[in-house]
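Tertiary structure, described
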Amino acid sequence: SSERGVGAGCAREARRAGRLLHPNIITIFDVGDHDGQPFIAMEYVTGETLGEIIRRKAQLPMTRRVRMISDLCDGLAFAHRSGIVHRDIKPANIMITREGILKILDFGIAHLADSRMTQTGAFMGTPAYMSPEQISGNVIDHRSDIFAVGLVLYELLAYKQAFEGDSPIRITHKILADDPPSLLTTNASIDRALVTIVKRALQKEPSDRYSDLSVMRADLLKTIDREDSTSETIVI
């Protein structure tokens, strides 16, 4: 049946994701069926999601926030090189373990990078973190994840969503038509380089964004290096 076909496809994708061995990606040990019920056995980690950290407005140094997103970029770039697009990157799918290690969760709707999206498949995801092409039902690739990373970075820096609205339709309309409020309105002292990084990641046209998350990660790490160098003190 078509249902079995869809299940088989999801299982294949989960097995493919299970081969992503990276410190910033949750490890999938097994995928199967038990008494007619599909299951995914994965690494158990304790900690809190980035969504929980944002909700409680944790007092984190700016360099710590940027480091988190650089780790997110590292894990996702690895997945992209393996031909997998996550398609649902959001704070709730990012765990920070008790040891401070970032783990990307839920590759459950991940798709192979060369797959073709249908109109129905285009709406798999979370409206506030979807790229314009994902909302429009166009073919997506790794640059859709880059847009989502830009949204997560914005939210972690501002502790508010880049695109807010009272309904999914209003939010998706803003993503398609508007630019988010400047980060400088929430924090006038924020590094201008971070503002530029977010702006580039959130370009409406995929070709105007970062071409690869490893490039975005390098730009993020430069801001940390600058922060570290300006905060150095001489002890006599």
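1. Section: the side chain of Asn24
- The residue Asn24 is located in the loop between helix 1 (2-18) and strand 1 (28-34) in this model.
- On the basis of relative accessible area, Asn24 is assigned to the buried category, the value being 7%.
- Here Leu102 takes part through its backbone oxygen, which lies 2.9 Å from a polar atom of the side chain of Asn24.
- When near neighbours in sequence (up to four residues on either side) are disregarded, Asn24 contacts Asp71, Asp74, Gly75, Ile101, Leu102, Lys103 and Ile104.

2. Looking at the sheet that holds strand 6 (residues 102-104)
- On the basis of which strands lie adjacent, the open sheet formed by three strands has the order 3-5-6 and antiparallel pairing. Of all strands in the sheet, those bounded by a partner on one side alone are strand 3 (47-49) and strand 6. Mean inter-strand twist for the sheet, computed between neighbouring axes without regard to direction, equals 25 degrees.
- In this structure, strand 3 lies alongside strand 5 (residues 94-97), joined through three bridges in antiparallel fashion. Following the sheet pairing, Gly47 is matched in strand 5 by Thr97.
- Across the sheet, helix 3 (residues 62-81) touches strand 5 and strand 6, and the angle it forms with strand 6 is around 40 degrees.

3. Digging into the environment of Asp178
- Looking at the element boundaries, Asp178 is found in the loop between helix 6 (168-177) and helix 7 (192-201).
- A relative accessible area of 32% places Asp178 in the partly exposed class.
- Considering only alpha carbons, one finds Asp178 and Lys204, 26 residues apart in sequence, at a separation of 9.2 Å.
- The residues touching Asp178, leaving out its near neighbours within four places in the chain, are Phe163, His173 and Lys204.

4. Quick notes on the nonpolar core
- Ranked by size, the top nonpolar core spans 54 residues in total, and within it Leu50, Ile69, Leu72, Ile89, Val149, Met216 and Leu220 carry the most contacts.
- Breaking this core down by element, the ones donating at least two residues are helix 2 (50-55), helix 3, strand 5, strand 6, helix 5 (142-158), helix 6, helix 7 and helix 8 (213-230).
- Top contributing element to this core by residue count: helix 5, with eleven residues.
- With residues near it in sequence (within four places) discarded, Val149 still touches Ile69, Leu72, Cys73, Leu76, Ile89, Leu213 and Met216.

5. Some thoughts on the pattern of salt bridges
- Tallied over the full model, the rule gives seven salt bridges.
- Residue Asp166 is joined to Arg170 by a salt bridge in which the shortest nitrogen-to-oxygen separation is 2.9 Å.
- Residue Asp166 is classed as exposed on the basis of its relative accessible area of 65%.
- Owing to a relative accessible area of 53%, Arg170 belongs among the exposed residues under this scheme.
- Ionic pairing is found between Lys222 and Asp219, a salt bridge with its closest N-O pair at 3.7 Å. Highlighted residues: Lys222 and Asp219, both in helix 8, separated by three residues, approximately one helical turn.

Calculation rules
- Residues numbered from 1 in each chain as written.
- Predicted model: local features only at pLDDT ≥ 70, side-chain atom pairs only at ≥ 80, totals over all residues.
- Heavy atoms only, no water.
- Helix = DSSP H or I, 4+ residues; strand = E, 2+ residues; numbered from the N terminus.
- Buried < 20%, exposed > 50% of the residue type's maximum accessible area, 1.4 Å probe, protein only.
- Polar contact = N/O pair within 3.5 Å; in protein donor to acceptor, adjacent residues only side chain to side chain.
- Contact = heavy atoms within 4.5 Å.
- Pairing = 2+ DSSP bridges.
- Axes fitted to C-alpha atoms, helices over the stretch in contact; angles between N-to-C directions.
- Core = buried A, V, L, I, M, F, W, Y, C linked by side-chain atoms within 4.5 Å.
- Salt bridge = Lys/Arg side-chain N within 4 Å of Asp/Glu carboxyl O.

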